[in-house]
Amino acid sequence: MQSTDLGSKESGKIWHRKPSPATRDGIIVNIIHNTSDYLPKVLRFLNVAFDSSGDCLIAGDHHGNIYVFDLCGNRFNLVQRTAQACTALAFNLHRKSEFLVALADYSIKCFDTVTKELVSWMRGHESSVFSISVHGSGRYAITTSSDTAQLWDLDTFQRKRKLNILQSVGIQKVFFLPLSNTILSCFKDNSIFAWECDTLVCKYQLPAPPESSNILYKVFAVTRDGRILAAGGKSNHIHLWCLEAKQLFRIIQMPTKVRAIRHLEFLPDSFDAGSNQVLGVLSQDGIMRFINIQTCKLLFEIGSLDDGISSSVISPHGRYIASIMENGSLNIYSVQTLTKEINKPPPPLVKVIEDLPKKKGNSGDLKVKVTSGRVRRPARSRESKIQTRILKQDLTCGFEKKENELSDGLNKKRLQILLKGYGEFPTKYRMFIWRSLLQLPENQTAFSNLIDKGIHVAFLNLQKKYPIKSRKLLRVLQRTLSALAHWSAIFSDTPYLPLLAFPFVKLFQNNQLICFEVVATLIINWCQHWFEYFPNPPINILSMIENVLAFHDKELLQHFINHDVTSQLYAWPLLETVFSEVLTREEWLKLFDNVFSNHPSFLLMTVVAYNICSRAPLLNCKRKDDFEYFFHHRNNLDISAVIREAYRLLDTTPADIHPDSMLDAFVALTKGQYPVFNQYPKFIVDYQTQERERIRNDELDYLRERQAVEEMQAEVDQQRVEDEAWYQKQELLRRAEETRREILLQEEEKMIQQRQRLAAVRRELKVKEMHLQDAARRRLLQLQQDQREMELRRLDDEIERKVHMRDREIAATAKDLEMRHLELESQKRLYEKQNLSRNQEAVAKEMKENADAYRQKVDVEEHMFHRLIGTDQTQNQKIHKLIEENLAKAEQACLNTDWRIQALHKQRCSDLHRNECYQEIAKLLRKNRKKEIEVLNAMMEGEAKKWEEAEEKDFHLKSEKKTAALSDASRRWFLEKEIHDAQHPCDKVFQVNLLSSV
């Protein structure tokens, strides 16, 4: 076992000599990472992941160093330093150089291994990510933590969906199923759901496991075809679920020393079409055991109690196992080395009890010495002849016994007896018996080398010639034929090889190794001398069949000859298709149970037996097309009768024409490497190969010349097309130019006409405008005239109204004057009658009025004084309010001034008229006044006499009254002035403003 220390190196070789893993442990190399400090420290690897090819892996340690290991190129490189521990890795993205790493800060980063740069940084988890599952296309990824699972688009690195669950439930694992768009979510309560990736619609839920073996699932694994789910936990039981049937179909119990299962993973196989049969189980003791889930047998194990495994990953193609050990190192295992013992066939199911030998030979008497020099023969004697004969008989018996004893403990003679008794082998054990009869070596390595060469050129377009509906079956057939072509060159040119191999491919499509070795064994033994006349049918083999048919049924052969039917028509179609066209599956299996149990000549006898058993319908056939149809389609024939007839022919055919005299006995394939197959005319194959190579070269030359001619023709055509296009374009341009010129002339004519029409329209508009202006002017003048007439009518009405009012006022005044005149006349008469009494009453009344007047004067003065006090207190507030109101009124007054001026003019006119009326009234008043004066003079003359008498008495009183009156008047005037000044200061301001505005 080699060991490599990465140390402080960023790149280097993984191993320095070619690895040769031991069979007992299978370790290719052990990788450790120690620091180069003074005190070395081991950096433990935490996670590892393979890429999609399986030849490269990445590993990360707890310091965040991520290495890429190329197992084919024997190189390692440090691609990133994240400075924190990684919790999960994924390396199978659709961009092969990119990988995902989940870090301890709950983030996921994407790096490129070539440029070593950060591609994207994804956040969203709130706890440590312990699983990253990538879709088969590499375009989607699911990251899982204990509380959530998130679906990411790896093209945009955006989160598409998020799965949230209750904290009481918890997530165990969420991952994609291989080869499908289904997401499987496993929770801590053992519930398992399947979801559609695109729509996230729940497809189904697996039922709860039985209570008898109820364990809490911790780890899961799925086969490559996505059909079987393995689940385990803290128990030694493993549950196998069939996801198609959605039911638990098997419970595997591990050994008692296994108490808990830490990891499960299926071991891929290139020849099982994804239905993996080997499951790796990592238990709590650090040992990973690989078991077969069908036979429930332990195949091999890795790790030990002293050097336990912490986690393990298997490459996609199943060649390597990368395991992180408990000491922090990384082990790379070779699966091919570990599975050498698995390639051995299983132990026999049929045990044969043999009789005891009647006479034991003395093995010590048979000794051979190898000496140099000439060989000397002993002298012949009778005893020596007898001894030699007996010895020859014993050796022959021993050889036959050795030949009948098969490798798996079966006995060929007893199998033949069993076959003759039942007519066929049991269906359950048929494949095992065939493998034993054919003694298949199961050379896994040699077959892998043939498969690794890829699809042969001769079978790249196999689906065009043989359109098979099942793509899987077509793929297996293509690989099997390619392996045969790589094994021997003649099979790449054999046209009937797909027909020969197809029934075996269909039978062994899940195990390509067995399929290849069965077909190879069939070709070596039952197809002997088939290729001696290549590429023609095997004339020698067909001649053997014809000789046997001539001996046993001359009439049928003569019928064939009469209708020009050769052995290439009645025998070769059956041989090249190994009866698969004329028999059903059950009939074909029954036939080949007998073919593989007998000498290779039995197949030729079966061809003759098929023709003899079908002689009745064949004798009725007259046309060649009928014969061709008969030997290429199924017929109403009992296969058991054909097999019995074949055994009869095998026993009754003379030795001189018997095929077994010309065919070798059965020879099995050699173990380790397949034998060289060169039983064909090599010069013909080489000539065909040379001719094919010459034809291919000629065809390549022809194709090159044709391509050159086509390119030249294409250039000429392109030039011609370009020229024609240029001429057409020029013609189109010329036509377009002429068309444009005509259009331009037409447009110019249209423009001239439009200008003429526009000038006419302008003239019309000008005339209309003049008419409209004239009409508007006339309408304005008419309107002004109407307004003036209306104003005059209004003034006339006003004058008439004033005149009418004046006449009424004059009449009323005249009537008032007449009434006044009458009143004066009556007063004059009353005055004369009551003159004396009035004097006395007047004196009394005057005294009373004087007393009343004095009291009123006192009340008025007090009231005026109180008013002065109250007015002085409130007047200041009123002044401010009046000033604000007057400011607003002043603006309104400015607006109304013009209207007032106009009103004043009108009032002056009315005043003139009124003045005239007043003068007339004044004349009347003067006349009345003259009359009143005359009356007053008369009254005054009478009064003057009486007053002269009282004047002297009252003179003294009047003088006192005058003095009092003067004082009263001065005091009253003072009070009125103060009240007036207090009440009307705003009026003065308003009058001043009004006068200023006027």
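Residues numbered from 1 in each chain as written. Predicted model: local features only at pLDDT ≥ 70, side-chain atom pairs only at ≥ 80, totals over all residues. Heavy atoms only, no water.

- The protein chain has the name TBC1 domain family member 31 in an unreviewed UniProt entry, where Bos taurus is given as its organism.
- Checking UniProt for the protein chain, the heading Function (unreviewed entry) contains the comment "Molecular adapter which is involved in cilium biogenesis. Part of a functional complex including OFD1 a centriolar protein involved in cilium assembly. Could regulate the cAMP-dependent phosphorylation of OFD1, and its subsequent ubiquitination by PJA2 which ultimately leads to its proteasomal degradation."
- Taken from UniProt, the Subunit (unreviewed entry) comment for the protein chain reads in full: "Interacts with PJA2; the interaction is direct and recruits PJA2 to centrosomes. Interacts with OFD1; regulates its activity in cilium assembly. Interacts with PRKACA." (UniProt positions renumbered as here; feature names shortened; annotations may be inferred.)

Focus on the overall build of the protein chain
Link 1 in the chain: Regarding its fold elements, the protein chain presents 21 helices and 30 strands.
Link 2 in the chain: Each of the 998 residues in the protein chain was classed as buried or not, and the buried ones make up 37%.
Link 3 in the chain: For the protein chain, long-range pairs separated by at least 24 residues make up 57% of all intrachain contacts whose partners lie at least 6 apart in sequence.
Link 4 in the chain: For the protein chain, the exposed area adds up to about 61900 Å²; of that, 54% sits on carbon and sulfur atoms. (Helix = DSSP H or I, 4+ residues; strand = E, 2+ residues; numbered from the N terminus. Buried < 20%, exposed > 50% of the residue type's maximum accessible area, 1.4 Å probe, protein only. Contact = heavy atoms within 4.5 Å. Areas by Shrake-Rupley, 256 points an atom, 1.4 Å probe, with all protein chains shown as cover.)

Concerning the pattern of salt bridges
Link 1 in the chain: Counted according to the given criterion, the structure contains 34 salt bridges.
Link 2 in the chain: Of the charged contacts, one joins Arg95 and Asp155 as a salt bridge, the two residues approaching to 4.0 Å between their closest N and O atoms. Separated by 60 residues along the polypeptide, Arg95 in the loop between strand S8 (86-90) and strand S9 (98-103) and Asp155 in the loop between strand S14 (148-153) and strand S15 (158-164) bring together distant segments of the chain.
Link 3 in the chain: Given a relative accessible area of 28%, Arg95 falls into the partly exposed group.
Link 4 in the chain: Note that Glu326 is salt-bridged to Arg262, the shortest N-O span being 3.8 Å. One end of the pair, Glu326, is in the loop between strand S29 (320-325) and strand S30 (330-334); the other, Arg262, is in strand S24 (residues 261-267), with 64 residues separating them in the sequence.
Link 5 in the chain: Using a relative accessible area of 33% as the deciding quantity, one classes Arg262 as partly exposed. (Salt bridge = Lys/Arg side-chain N within 4 Å of Asp/Glu carboxyl O.)

Topic: a nonpolar patch on the surface
Link 1 in the chain: A cluster of nonpolar residues, Leu792, Leu795, Ile799 and Val803, forms a patch on the protein surface that exposes about 300 Å² of accessible area.
Link 2 in the chain: Within the secondary structure, Ile799 sits in helix H19 (residues 682-833).
Link 3 in the chain: Owing to a relative accessible area of 42%, Ile799 belongs among the partly exposed residues under this scheme. (Patch = residues over 30% accessible without salt bridge, like charges linked within 9 Å, V, L, I, M, F, W, Y side chains within 5 Å.)

Examining the nonpolar core
Link 1 in the chain: Within the largest apolar cluster, 103 residues are counted, with the highest numbers of intra-cluster contacts made by Trp487, Phe504, Leu575, Phe579, Trp588, Phe592 and Phe596.
Link 2 in the chain: Per-element accounting of this core gives the leading share, 11 residues, to helix H9 (residues 512-526).
Link 3 in the chain: Leave out the neighbours within four places in its chain, and Phe504 touches Cys515, Val518, Val519, Leu522, Val578, Trp588, Phe592 and Phe596.
Link 4 in the chain: Among the nonpolar cores identified, the runner-up in size contains 21 residues, and Ile14, Phe76, Tyr320 and Leu330 belong to it. (Core = buried A, V, L, I, M, F, W, Y, C linked by side-chain atoms within 4.5 Å.)

What about the sheet that holds strand S17 (residues 182-187)?
Link 1 in the chain: Overall, antiparallel pairing links the 4 strands, which are arranged S16-S17-S18-S19 in an open sheet. The sheet is open, and its two edges are formed by strand S16 (171-176) and strand S19 (202-205), each paired on a single side. Averaged over all neighbouring strand pairs, the angle between strand axes comes to 20 degrees, with direction disregarded.
Link 2 in the chain: Sheet analysis places strand S18 (residues 192-196) next to S19, joined by 3 bridges and oriented antiparallel. Bridging from a neighbouring strand, Trp195 pairs with Cys202 of S19. (Pairing = 2+ DSSP bridges. Axes fitted to C-alpha atoms, helices over the stretch in contact; angles between N-to-C directions.)

Points about the packing of aromatic side chains
Link 1 in the chain: Summed over all chains, the structure comprises 35 aromatic pairs.
Link 2 in the chain: Between the aromatic rings of Phe193 and Trp195, the centroid separation amounts to 5.9 Å while the plane-to-plane angle is 35 degrees, which identifies the pairing as tilted.
Link 3 in the chain: Between Trp434 and Phe508 the ring centres are 6.4 Å apart and the planes differ by 50 degrees, which places this aromatic pair in the tilted class. Of this pair, Trp434 sits in helix H4 (residues 430-438) while Phe508 sits in the loop between helix H8 (497-507) and H9; the two residues are 74 residues apart in sequence, bridging distant segments of the chain. Pair check on accessibility: Trp434 and Phe508 agree, each one buried.
Link 4 in the chain: Taken together, the ring pairs connect Phe447, Trp487, Phe491, Tyr496, Phe516, Trp530, Phe531, Trp572 and Tyr674 into an aromatic cluster.
Link 5 in the chain: The residue whose ring lies beneath Lys109 is Trp121, and the NZ or CZ to ring-centre distance is 4.1 Å.
Link 6 in the chain: Geometry around Tyr204 places Lys246 over its ring, the cationic atom sitting 4.7 Å from the centre. (Phe/Tyr/Trp six-rings, centres within 6.5 Å; stacked < 30°, edge-to-face > 60°. Lys NZ or Arg CZ within 6 Å of the ring centre and 35° of its normal.)

Section: the packing of H8 against H9
Link 1 in the chain: Relative orientation of the contacting elements H8 and H9 amounts to 130 degrees, with a least axis distance of 10 Å. Relative to H9, the element H8 is oriented oblique. Along this stretch, H8 crosses H9, giving a crossing that reads as right-handed. Of the residues in H9, those in contact with Leu497, Leu500, Ala501, Phe504 and Val505 of H8 are Cys515, Val518, Val519, Leu522 and Ile523.
Link 2 in the chain: When the residues that make up the contact of H8 with H9 are grouped by side-chain class, the tally is 10 nonpolar, no polar and no charged. (Parallel < 35°, antiparallel > 145°, perpendicular 65-115°, else oblique. Left-handed = near helix turned anticlockwise from the far one by under 90°. Nonpolar A, V, L, I, M, F, W, Y, C, P; charged D, E, K, R; others polar.)

Let's talk about the confidence of the model for the protein chain
Link 1 in the chain: Averaged over every residue, the pLDDT of the protein chain is 81; residues scoring 70 or more account for 84%.
Link 2 in the chain: Counting interchain partners and residues more than four positions distant, the pLDDT-below-50 stretch residues 354-402 has 4 contacts. (pLDDT = per-residue confidence, 0-100.)

A few points about the side chain of Asn540
Link 1 in the chain: Within the secondary structure, Asn540 sits in helix H10 (residues 539-552).
Link 2 in the chain: Of the polar contacts made by the side chain of Asn540, one reaches the backbone oxygen of His529; its length is 3.5 Å.
Link 3 in the chain: Ignoring anything within four residues of it in the chain, the contact list for Asn540 reads His529, Glu532 and Tyr533. (Polar contact = N/O pair within 3.5 Å; in protein donor to acceptor, adjacent residues only side chain to side chain.)

Section: the sheet that holds strand S20 (residues 217-222)
Link 1 in the chain: Taken together, 4 strands build an open sheet; the order of strands is S20-S21-S22-S23 and the sheet is antiparallel. Looking at the sheet topology across the chains shown, the edges are occupied by S20 and strand S23 (247-253). Each strand axis lies, on average, 25 degrees off the axis of its neighbour in the sheet, ignoring direction.
Link 2 in the chain: Here S20 pairs with strand S21 (residues 228-233) via 5 bridges, running antiparallel. Note on S21: the bridge partner recorded for Tyr217 is Gly233.

A look at a negative patch on the surface
Link 1 in the chain: Together, Glu948, Glu949, Glu951 and Glu952 give the surface a local cluster of negative charge.
Link 2 in the chain: Relative to the elements of secondary structure, Glu949 occurs in helix H20 (residues 835-983). (Lys, Arg positive; Asp, Glu negative; His and termini not counted. Charge placed at Lys NZ, Arg CZ, Asp CG, Glu CD.)

Here's the deal with the pairing of strand S12 (residues 129-134)
Link 1 in the chain: Where burial is concerned, most of S12 is hidden: 5 out of the 6 residues are buried.
Link 2 in the chain: The sheet contact formed by S12 and strand S13 (residues 140-145) spans 5 bridges and is antiparallel. Pairing of Ser133 across the sheet is with Ile142, part of S13.
Link 3 in the chain: Hairpin connection of S12 to S13: 5 residues between the antiparallel strands, including Gly138 at a positive phi of 75 degrees.

With respect to the pairing of S15
Link 1 in the chain: Sheet topology note: the S14/S15 ladder contains 6 bridges and is antiparallel. Directly across from Thr148, in S15, lies its bridge partner Asn164.
Link 2 in the chain: Hairpin connection, S14 to S15: the antiparallel pair is bridged by 4 residues, and Phe157 has positive phi, about 55 degrees.

Examining the packing of helix H5 (residues 444-452) against H9
Link 1 in the chain: Two numbers describe how H5 lies on H9: the axes approach to 11 Å, and their chain directions differ by 90 degrees. Judged by the angle between their axes, H5 and H9 are roughly perpendicular. Note on element contacts: H9 touches H5 through Gln512, Leu513 and Phe516, opposite Gln444, Phe447 and Leu450.
Link 2 in the chain: Among the residues forming the contact of H5 with H9, the class breakdown is 4 nonpolar, 2 polar and no charged.

Side note on the side chain of Ser283
Link 1 in the chain: The residue Ser283 is located in strand S25 (residues 278-283) in this model.
Link 2 in the chain: A distance of 2.3 Å separates a polar atom in the side chain of Ser283 from a polar atom in the side chain of Asp285.
Link 3 in the chain: Contact partners of Ser283, with chain neighbours within four places excluded, come to Val258, Ala260, Ile261, Arg262 and Arg289.

Topic: a positive patch on the surface
Link 1 in the chain: Together, Lys923, Arg926, Lys927, Arg929, Lys930 and Lys931 give the surface a local cluster of positive charge.
Link 2 in the chain: Checked against the element boundaries, Lys931 lands in helix H20.

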